[in-house]
Amino acid sequence: MSSPDQPAWPARTFLLSFDRIVRGLFRIEESGLPERVPRPCLIVANHRRDADIPVLGVFLGRARGSEISGVLPHFVAREDLFEPGFLWYYWRSPWLALPRLVSPAIPLPRILQVFKAHPIHRIPEQSLAIVLNDVRRYLGDRRLDRVINRFWSERLVAAGVDMSQPISWLLERERRFEPLVGGGWGHRRLNLATFREFKPVERARIDAHLGVFERALAAGEAVMVAPEGANSPDGHFQRPRAGPWRLASGATDGLPVLPVGLAYDPAVSGRRMRVFVHAGNPLRAEDYASRRAFDNAVSRGILRATTVTGSHLAAHWVLRTEPGEALRPGDFERFAGELGSALAEAGLRVAPDAGTQASRRLRWFERAGLIEGRRDRATVRSSMDEPGPGWESRAALAAYLRNELASAAALSPEVAAHFGLEAPAYVPYTANSRSA
């Protein structure tokens, strides 16, 4: 294995500074990364939130002194990152008012270039506004009623859209009609004729984007991709998309596929978010006879590399409790010990302190509104309904964490059933190389 190539000094200075910034924001507990990552190499990781990429960059780059001793892979990045004004649109929170004001001065394209990030066209995340802008760019500024299907045309008309106007008319009023032109799967809102005409354009863009990473692997470099394609919307591990299989199956035999798992532990994080990052055992694409077998092997590798934290265990313990039922630190410690041991025996990674700091973890869930104290100083499950999973609130994050745990536990159905964890929609089966 060759030693890592050092970037030019301006880029190296930036990367070393970035490493310190990220480690100042996150308490990264890392393990499993080989001293010399093989090259070429395809690195596959789960995707929880936008912070994953900086954390993975620090984990893989492994800054040591004045050098980058790890590997700087080519990153697959969301396409809109490369659009002008992305940060202005992305930083909409009131807490980010100052960064948003200075965002036009941030050289995001140059930063992405330093990190070897390249765009990928992801169809499910394309809103109607994005799709219409692409249709206008490649097929012309057509009338809306000749582009959009009947169902969505009726909804747009009801909202006040003049469908005899060109696409540009609606795009100029995008904010006004955001509920209808936002969201995902914008392609499904086109009529059939436009969709068929536009489909070759989409395929050509995806082929061009994937070609960048195919050439990087052919040149002996590392590539990192999230098989799920985007942030998991609910915490469950999502069914892999076609990109990783295409990159792996098109490379030369012997290409290592390195699974990496990330897991956040917010209930004990404090000022810095605690995150576990672990690299599992490498796979080889040629050991799997089909895309399905490869996808399932990659999914299992990532899930086994993902650390089950005390936040995962506490989230499930709290959410499975009936309103008014007492919640005691000692009960959580016993529950976490039993479930943690069962998961570890099933071959999953469990944080060594997952069952500790029970009182501190319960206070986090109390601040989330899922636990409440009574006058007799007893702590009980509140009457709050379980929220939808997400990152927008602590209560939603608890549901998200429980779903992450459910995906990992699904690798051992007996353990999942015994502890009341429902199987997610996608559960990777055991794939045995050429016989799969």
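Each chain has its residues counted from 1, following the order in which its sequence is written. Side-chain atom pairs in this predicted model are given and counted only at pLDDT of 80 or more, local residue features only at pLDDT of at least 70, and totals for whole chains, interfaces and linings cover all residues. Note: side-chain values were computed over all heavy atoms of the structure, leaving out hydrogens and water.

Trainee: Can you help me understand the overall build of the protein in this one?
Mentor: Strands are runs of DSSP state E lasting at least 2 residues, helices are runs of H or I lasting at least 4, and numbering of each runs from the N terminus. A tally of regular secondary structure across the protein gives 17 helices and 14 strands. Here the radius of gyration uses the C-alpha set of atoms, whereas the globule reference equals 2.2 Å times the residue count to the power 0.38. The C-alpha radius of gyration of the protein comes to 23 Å, within 12% of the 22 Å expected for a compact globule of 436 residues. Viewed in the frame of its principal axes, the protein has a C-alpha envelope of about 65 × 60 × 50 Å. Of all 436 residues assigned to the protein, the portion counted as buried reaches 50%. Partitioning the intrachain contacts of the protein with sequence separation of at least 6 by distance along the chain shows that 74% fall at a separation of at least 24. In short, Shrake-Rupley with a 1.4 Å probe defines the accessible areas, and a residue's cover is counted only from the protein chains shown. Summed over all atoms, the accessible surface of the protein reaches about 20,900 Å², with 52% contributed by carbon and sulfur. Three exposure classes are used, based on accessible area relative to the maximum for each residue type with a 1.4 Å probe and protein chains only: buried under 20%, partly exposed in between, and exposed over 50%. Every residue pair with non-hydrogen atoms within 4.5 Å of one another is taken to be in contact.

Trainee: Could you clarify how one ought to interpret the environment of Val131 in this entry?
Mentor: Tracing the backbone shows Val131 in helix α6 (residues 128-139). The exposure class of Val131 is buried, given its relative accessible area of 1%. Counting along the chain gives 57 residues from Val131 to Arg188, while the straight-line C-alpha distance between them is 9.9 Å. Not counting chain neighbours up to four residues away, the residues in contact with Val131 comprise Gln126, Gly186, His187, Leu190 and Phe198.

Trainee: Mind showing me how you'd approach unusual backbone geometry here?
Mentor: With the exception of glycine, most residues fall at negative phi, and the peptide bonds are largely trans. Between Arg39 and the following residue, Pro40, the backbone shows a cis peptide bond with an omega angle of 0°. Position of Pro40 relative to the elements: it lies in the loop between β1 (26-31) and β2 (41-45). Non-glycine residue Arg62 carries a positive phi angle of around 50°. Here Arg62 is to be found in the loop between α2 (52-61) and β3 (63-64). Unlike most non-glycine residues, Gln357 shows phi in positive territory, near 55°. By the element assignment, Gln357 lies in the loop between β12 (349-350) and α15 (358-367).

Trainee: What exactly am I supposed to notice about the packing of helix α11 (residues 242-250) against helix α12 (residues 291-305) here?
Mentor: Between two packed helices, what matters for the description is the angle formed by their axes and the separation of those axes. At a minimum axis distance of 10 Å, the contact between α11 and α12 shows a crossing angle of 105°. As judged from the angle between their axes, α11 and α12 are roughly perpendicular. Seen from α11, the contacting residues are Ala242, Pro244, Trp245 and Ala248; seen from α12, they are Arg291, Phe294 and Asp295. In this classification, Asp, Glu, Lys and Arg are treated as charged, Ala, Val, Leu, Ile, Met, Phe, Trp, Tyr, Cys and Pro as nonpolar, and every other residue, Gly included, as polar. Tallied by class, the residues present in the contact of α11 with α12 amount to five nonpolar, no polar and two charged. Angular values range over 0 to 180 degrees, each being the angle between N-to-C directions of two axes fitted as lines to C-alpha atoms, with helices fitted over their stretch in contact. Any angle from 65 to 115 degrees is called roughly perpendicular, while one under 35 is roughly parallel, one over 145 is roughly antiparallel, and all others are oblique.

Trainee: Just to check I follow, could you spell out the pattern of salt bridges for this structure?
Mentor: Oppositely charged side chains are able to pair whenever their charged atoms sit close together. A carboxyl oxygen of Asp or Glu within 4 Å of a side-chain nitrogen of Lys or Arg is what we treat as a salt bridge. Per the counting criterion, the structure on display carries 26 salt bridges. Put simply, Arg205 and Asp134 hold a salt bridge, and the shortest N to O gap is 2.7 Å. Here Arg205 is found in helix α10 (residues 192-218), whereas its partner Asp134 is found in helix α6, with 71 residues between them in sequence. A single burial state applies to Arg205 and to Asp134, both of which are buried. A single salt-bridge network, built from bridges that share partners, covers Arg27, Glu29, Asp265, Arg274, Asp353 and Arg361.

Trainee: What is the right way to look at the environment of Arg292 in this model?
Mentor: In this fold, Arg292 is placed in helix α12. Accessibility expressed as a relative area gives 58% for Arg292, which makes it exposed. The spatial distance from the C-alpha of Arg292 to the C-alpha of Trp245 is 9.0 Å, given a sequence separation of 47 residues.

Trainee: Is there a simple way to think about the nonpolar core in this case?
Mentor: Nonpolar side chains in soluble globular proteins tend to end up buried together. Core analysis: the largest hydrophobic core is formed by 66 residues, its most contacted members being Leu42, Val257, Leu313, Leu339, Leu343, Phe365 and Leu370. If you tally residues by element for this core, the top one is helix α16 (residues 394-409), at ten residues. Not counting residues within four places of it along the chain, the set of residues in contact with Leu339 comprises Leu313, His316, Leu405, Val415 and Phe419. Buried residues of nine kinds, namely Ala, Val, Leu, Ile, Met, Phe, Trp, Tyr and Cys, make up a nonpolar core once their side-chain atoms join them within 4.5 Å. Counting 33 residues, the second largest nonpolar core, distinct from the first, contains Ala45, Leu87, Leu258 and Val277.

Trainee: Where do I start with α12 in this structure?
Mentor: Three- or four-residue spacings in an α-helix give side chains the same orientation, since the helix completes a turn every 3.6 residues. Its 15 residues give α12 an end-to-end C-alpha distance of 21 Å, which sits within 8% of 21 Å, the value for a rise of 1.5 Å per residue. Most of α12 is tucked away: twelve of the 15 residues are buried. Buried residues of α12: Ala293, Phe294, Asp295, Asn296, Ala297, Val298, Ser299, Arg300, Gly301, Ile302, Leu303 and Ala305, and no others. Expected helix span is taken as 1.5 Å per residue step, with the number of steps being one fewer than the number of residues.

Trainee: Got a minute to help me understand a nonpolar patch on the surface in this structure?
Mentor: Residues Trp88, Leu98, Leu101 and Val102 make up a contiguous nonpolar surface patch of about 430 Å² in total accessible area. Among the secondary structure elements, Leu98 is positioned in helix α4 (residues 97-102). Residue Leu98 is classed as exposed on the basis of its relative accessible area, which comes to 61%. Put simply, a patch holds well-exposed residues, over 30% relative accessible area, that have no salt bridge, with like charges counted together within 9 Å and Val, Leu, Ile, Met, Phe, Trp or Tyr side chains within 5 Å.

Trainee: Is there a simple way to think about the pairing of strand β9 (residues 273-279) in this case?
Mentor: As a general feature of sheets, a regular strand has side chains that alternate between the two faces. By the criterion of burial, β9 is predominantly enclosed, with seven of the seven residues buried. Judged by which residues are buried, β9 turns out to be covered on both faces: Met273, Val275, Val277 and Ala279 on one side and Arg274, Phe276 and His278 on the other are all buried. The pairing criterion for strands is at least two bridges between them, as found by DSSP. Of the strand pairs in this sheet, β1 and β9 are connected by six bridges, and their pairing is parallel. Each bridged residue has a counterpart across the sheet, and for Phe26 the counterpart in β9 is Met273. In this sheet, β9 lies alongside strand β8 (residues 256-264) in antiparallel orientation, the contact comprising five bridges. Each bridged residue has a counterpart across the sheet, and for Tyr264 the counterpart in β9 is Val275.

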